[in-house]
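Here is how the chains run, residue by residue.
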Amino acid sequence: MGAVPNRRLGSVRGVPMSSPPGRRARLSSPGTGRSSSEAREELRRRLLGLIESNRVMIFSKSYCPHSARVKELFSSLGVECNILELDRVDDGANVQEVLSEITNQKTVPNIFVNKVHMGGCDRTFQAHQCGLLQKLLQEDAAFEYDLIVIGGGSGGLACAQEAAILGKKVMVLDFVVPSPQGTSWGLGGTCVNVGCVPKKLMHQAALLGQALSDARKFGWEYSQQVKHNWETMTEAIQNHIGSLNWGYRLSLREKAVAYVNSYGEFVEHHKIKATNRKGQETYYTAAKFVLATGERPRYLGIQGDKEYCITSDDLFSLPYCPGKTLVVGASYVALECAGFLAGIGLDVTVMVRSVLLRGFDQEMAEKVGSYMEQHGVKFLRKFVPVMVQQLEKGSPGKLKVVAKSTEGPETIEEVYNTVLLAIGRDSCTRKIGLEKIGVKINEKSGKIPVNDVEQTNVPYVYAVGDILEGKLELTPVAIQAGKLLARRLFAGCLEKVYHTLFWPLEWTVASRDNNTCYAKIICNKFDNYRVIGFHVLGPNAGEITQGFAAAMKCGLTKQLLDDTIGIHPTCGEVFTTLEITKSSGLDITQKGC
Amino acid sequence: MAAALRGPGGRFRWRTWAAAAAAAAAAGGVRGAARSAAAGRQDYDLLVIGGGSGGLACAKEAAQLGKKVAVVDYVEPSPRGTRWGLGGTCVNVGCIPKKLMHQAALLGGMIRDAPHYGWAIQPVLHDWRTMAEAVQNHVKSLNWGHRVQLQDRKVKYFNIKAGFVNEHTVCGVAKDGKETLLSAEHIVIATGGRPRYPTHIEGALEYGITSDDIFWLKESPGKTLVVGASYVALECAGFLTGLGLDTTVMIRSIPLRGFDQQMSSLVTEYMASQGTRFLRGCTPSRVRRLPDGQLQVTWEDLTSGKEDMGTFNTVLWATGRIPETRSLNLEKAGVNINPNSQKILVDAQETTSVPHIYAIGDVAEGRPELTPTAIMAGKLLAQRLCGQSSDVMDYDNVPTTVFTPLEYGCVGLSEEEAVARHGEEHVEVYHAYYKPLEFTVAERDASQCYIKMVCLRKPPQLVLGLHFLGPNAGEVTQGFALGIKCGASYVQVMRTVGIHPTCAEEVAKLRISKRSGLDPTVTGC
């Protein structure tokens, strides 16, 4: 590791900055009047910046033997690494705290390789032994994408778009495997296609039925018997969903996210195979992956279930009215579907094994049930279906359901037009090659355990949404988590930094160093590239800075700077022609004249 | 510190005034109250004048805390002869019937939506009589409920019209002219307000009606001219249009003065798109009854100076309300009013210029004219009078909703007010147009569905005001009002997980600031 001994932050920033002896470097600026949360935010950004801009970044303590081992390892590999000794900076304790927020790891050494959080000493050595470390070191910037998101649902799309906004090269793989009944749909995932959106619209249709009967009491006069037409409703809803699918496509395109309608499957580290509808295979690589494959409805595993029963995957686009319906299950999906089917005038029975709405307040759940019962939904409590048999084909046909009691030998049978299964959902995690790269899943539930920062046991693979173990299965949660994840991963670029070295005219003739003077501005991407930081190192820096300070007070933006005519030849004019962003990594040294 | 002092102070005052009042009564004496005065006591601990939301809340709370309480209430019939029972404006001629008629109008919209959702229904007509009867029956049941509640809590109720005799005594006149003298240690004035008639306009009083009458009409008002731009005017015009009536609103200057003006113009824009006609910059000059019974209204266009004319079945004045203070003989008690507004001057404790006389609700100067503020003020006042608490009513960040066809809910500052208080450079406004999911299938136009959150610009960007235009605005605004009361910041709102799919979740998704200049309209399809 002798190559770069104990480099401090100063050198990382690109400006040589030597601390006077006895004075310690500080990571966060000590600015007065700055709230602690702001300071913390800034520290966080700087740390992310360090992680982002260094091939190997080691947070260590100078006396720590584990840290020493890691340094030796990289040194033996001949890899240059940047080291921040927490015990040698003033705010080391804060750094450690923020690091533990970012990585969920409280101890040092804390190692990042090519922006991927490796972990501590043991994990680094493990990675070295299994070849992952070499792989990570090797494939520096050789990946085609910064991020590949598997699954184009609410969480995946939110994460992909946010990452793209942050300037990353992002791909989304989305592929809907048709349901056993043959139903499939477009981009947007469960919520848009077979969840929240069509559910609420059918709920609205049912509410309108109630409104129609209320309306008479409020003076609206009509004599007809009002009937409900399933096809009209379904067509209208499917049209709306079609427009949403299109909207998502458009929005991905606008943000330059690559969208591939293929089934994604890991084949090796950082590499995924995408298979399209025609069976054509393409391979893609990325530095980071986000799993957002969501869940699909579960089947009972009894005779006739996959052949004759439908699930919420099929209901919302069912081309015919389901007629007399048996809903199996007591989840909110089951009760919502039963509720609106009854509301549009169908004969509906709900078969419940044990309790309604498990996990919700049970007093409220029972009240929901009794309200539904008062409004015509029949409940069969403590029964489970054991067989579904087709009596008659048709749209809808006739199905015989045999069910048995959970408490005794009693069995019952009944004929329905449609049987809707809503007994739970399974994660789509077993057929995407996770075993190839060693991502652990909970074998029983199929869910993926992640740490507090949505990271799986494989450092560069993250997961959001319904497939997470122990997290909420809700659209807005997935969206929020996806966005925050993208920001955590890439928010180093939340601000855009423009910089350059320059050679003052006065220095040329004097043959003074041509790569000492440095100009840098920091812009907020989310606020119209407003300039939020202004730095100049060079002659007359005070004189230059004063005027720009006033301009910043007035809301100076990068655009305004670009529109400003420079005063030639001065040093200040360099700010009107800043072009190179720090994140681009382009060379800013002055060559030749 | 100040609050801590107020508590014991309040209790102390109660005792001192009681003693002082007894002394005063013993020294001079008032004839009607002589009996009790001789015993050194007044008839009641607390007398509430006015049986509306605020008065009843105050009376019931005080009675529950063990005080001897009386309520006097009397409804002077409107010029058109409309009268009603106990409960005040909100219950009888305000919020309650208004929202029910608004609901009737919304149901009309739902009937139009229903075919898109698969319900086979033909266009239908509305029958005013059915609605009015149902609404009036509900109101009557509420009147009854209020009577029962007073009885349950042993509050004495007098159906008399009260005026002050002196600072501790009130004289009430019943319908038959019989007079009653009531004395009390503490008196709360909660007489509210009544619609203002523009009496300078010829025919206004004879032929026009107000919100006091509209909800009690037995027959449909037919083609209606609503004069005014208050929320009362717009709400009435909105539901009348929604029930299928030909409705015109005449506005002299701006709609919904005091509300956020961008929101106000979206409100009227939506109403216009739903068929309400607007006559802007016009003021009526006279109303005449034609031989066929129709009303001919003449108005002046203030910009062109030209006169114009139209005929209507009904003319509804909604040009403001005047506080009910004139018949109270306030000067006899020494209670001061603002001579311009006629409202009673009060301090933070709701106390008038006379220390044991208070005023709450619409009759008090500078208070929002809203039922829930009157109720809360009344309850808190009763608690302070009974030494139960020292809390005073906080009139900041009071949420409210205007039930126009597209509902407008708001809490906190309007954009104009925020800019005026903090300066434009310190205010950040986040906004978005959105499309309620229910509108999509029904192919409704959502051009005016809009949300705006006014924040301080300085991180963490404290929320100063929230403005929501869309369905169920009242339901949406309520929870956020709590948040704002708790000092919510933009950052916190953005960290709130939405409830999907709702309109309210759009609030938690407000990403675009006005300053950024980005397009806040719905993108994609």
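Residues numbered from 1 in each chain as written. Chains lettered and ligands numbered in written order. Predicted model: local features only at pLDDT ≥ 70, side-chain atom pairs only at ≥ 80, totals over all residues. Heavy atoms only, no water.

Let us look at the overall build of chain A. For chain A, the helix and strand inventory stands at 19 helices and 26 strands. With the C-alpha coordinates of chain A rotated into their principal frame, the extents come out at 100 × 60 × 50 Å. A total of 593 residues make up chain A; the buried ones form 51% of that total. For chain A, the share of sequence-separated contacts (at least 6 apart) that also reach a separation of at least 24 residues comes to 62%. Summed over its atoms, the accessible surface of chain A is roughly 27500 Å², and 52% of this surface lies on carbon and sulfur atoms. Here chain A contributes 69 positively and 61 negatively charged side chains, and the mean placements of these two sets differ by 2 Å. (Helix = DSSP H or I, 4+ residues; strand = E, 2+ residues; numbered from the N terminus. Buried < 20%, exposed > 50% of the residue type's maximum accessible area, 1.4 Å probe, protein only. Contact = heavy atoms within 4.5 Å. Areas by Shrake-Rupley, 256 points an atom, 1.4 Å probe, with all protein chains shown as cover. Lys, Arg positive; Asp, Glu negative; His and termini not counted. Charge placed at Lys NZ, Arg CZ, Asp CG, Glu CD.)

By a widespread convention, an interface's size corresponds to the accessible area lost as its parts come together. Residues and elements named next belong to chain B. Once the domains are mapped, chain B shows domain 1 (16-74 + 159-194 + 322-385), domain 2 (89-133), domain 3 (204-318) and domain 4 (400-516). Every contact between the two is made by nine residues of domain 2 and, on the other side, eleven residues of domain 4. Around 790 Å² of area is buried between domain 2 and domain 4 when both sides are counted, 51% of it from carbon and sulfur atoms. Inspection of the region where domain 2 meets domain 4 yields one salt bridge. Linking Asp113 and Arg444 is a salt bridge whose minimum nitrogen-to-oxygen distance equals 2.6 Å. Viewed at the interface, domain 4 and domain 2 are joined by five residue pairs in polar contact (both at pLDDT 80 or more). Here the residues of the side of domain 2 that touches domain 4 sort into three nonpolar, three polar and three charged. (Domains from an automatic or database assignment. Buried area = accessible area lost by both parts, 1.4 Å probe. Salt bridge = Lys/Arg side-chain N within 4 Å of Asp/Glu carboxyl O. Polar contact = N/O pair within 3.5 Å; in protein donor to acceptor, adjacent residues only side chain to side chain. Nonpolar A, V, L, I, M, F, W, Y, C, P; charged D, E, K, R; others polar.)

All names here are of chain B. You can see Thr325 is positioned in the loop between β18 (321-323) and α11 (330-333). Its relative accessible area of 5% is what places Thr325 among the buried residues. Setting aside residues up to four positions removed in sequence, Thr325 forms contacts with Leu330, Gln342, Ile344 and Val363.

Here the focus is the side chain of A:Lys61. Residues and elements named next belong to chain A. Looking at the element boundaries, Lys61 is found in the loop between β1 (56-60) and α3 (65-76). No salt bridge is formed by the buried Lys61. Its closest oppositely charged neighbour is Asp87, at 7.5 Å. Of the polar contacts made by the side chain of Lys61, one reaches the side chain of Gln96; its length is 3.1 Å. Ignoring anything within four residues of it in the chain, the contact list for Lys61 reads Ser67, Lys71, Glu85, Leu86, Asp87, Gln96 and Val108.

Residues and elements named next belong to chain A. Applying the stated criterion across every chain yields a total of 37 salt bridges over all chains. Its salt-bridge partner being Lys367, residue Glu363 comes within 3.8 Å of it at the nearest N-O pair. Of the two residues, Glu363 and Lys367 are both situated in helix α14 (residues 362-374); the distance of four residues between them amounts to about one turn of the helix. Each of Arg40, Arg44, Glu97 and Glu101 takes part in salt bridges that share partners, so that together they form one network.

Counting residues at the interface gives 42 residues for chain A and 45 residues for chain B. Summed over both partners, the interface of chain A with chain B buries about 3700 Å², with 68% contributed by carbon and sulfur atoms. Summed over the three residues of chain A that lose the most area to chain B, namely A:Leu208, A:Phe218 and A:Trp220, the buried surface amounts to 21% of that side. Counting every contact that joins chain A to chain B gives one salt bridge.

Next up on the list: empty space enclosed by the protein. All names here are of chain B. A complete count under the given rule lists two cavities of 30 Å³ or more for this structure. Computed from the structure, the second largest cavity encloses a volume of approximately 30 Å³. As for the second largest cavity, its lining consists of Gly193, Arg321, Ile322, Pro323, Lys343, Asp362 and Glu369. Broken down by element, the lining of the second largest cavity gets its largest block of residues, three residues, from β18. Class assignment for the residues of the lining of the second largest cavity results in two nonpolar, one polar and four charged. (1 Å grid on protein atoms, 1.4 Å probe; cavity = no way out; pocket = protein on both sides within 12 Å on 5 of 7 lines; lining within 4 Å. Points joined across faces, edges and corners; volume = space filled by probe spheres on them.)

Per the UniProt record, "active site" (unreviewed entry) is annotated on B:His500. With respect to the helices and strands, B:His500 occurs in the segment after α16 (490-494). Excluding anything up to four places from it in sequence, B:His500 contacts A:Cys191, A:Cys196, A:Val197, A:Thr475, A:Pro476 and B:Glu505. Only 2.7 Å separates the side chain of B:His500 from the side chain of B:Glu505, close enough to count as a polar contact. (UniProt positions renumbered as here; feature names shortened; annotations may be inferred.)

Here we take up the UniProt feature "binding site: FAD" (unreviewed entry) in chain B. Residues and elements named next belong to chain B. Residues given the UniProt feature "binding site: FAD" (unreviewed entry) here are Lys99 and Asp362. For the second largest cavity, the lining residues among the annotations just cited are Asp362. Secondary-structure assignment places Lys99 in helix α5 (residues 95-113). Dropping the residues within four chain positions of it, Lys99 is found in contact with Phe403 and Glu475. Tracing the backbone through its elements, the reader meets Asp362 in the loop between β19 (357-359) and α12 (371-385). A residue is classified by how much of its surface remains accessible, and Asp362, at 17% relative accessible area, is buried.

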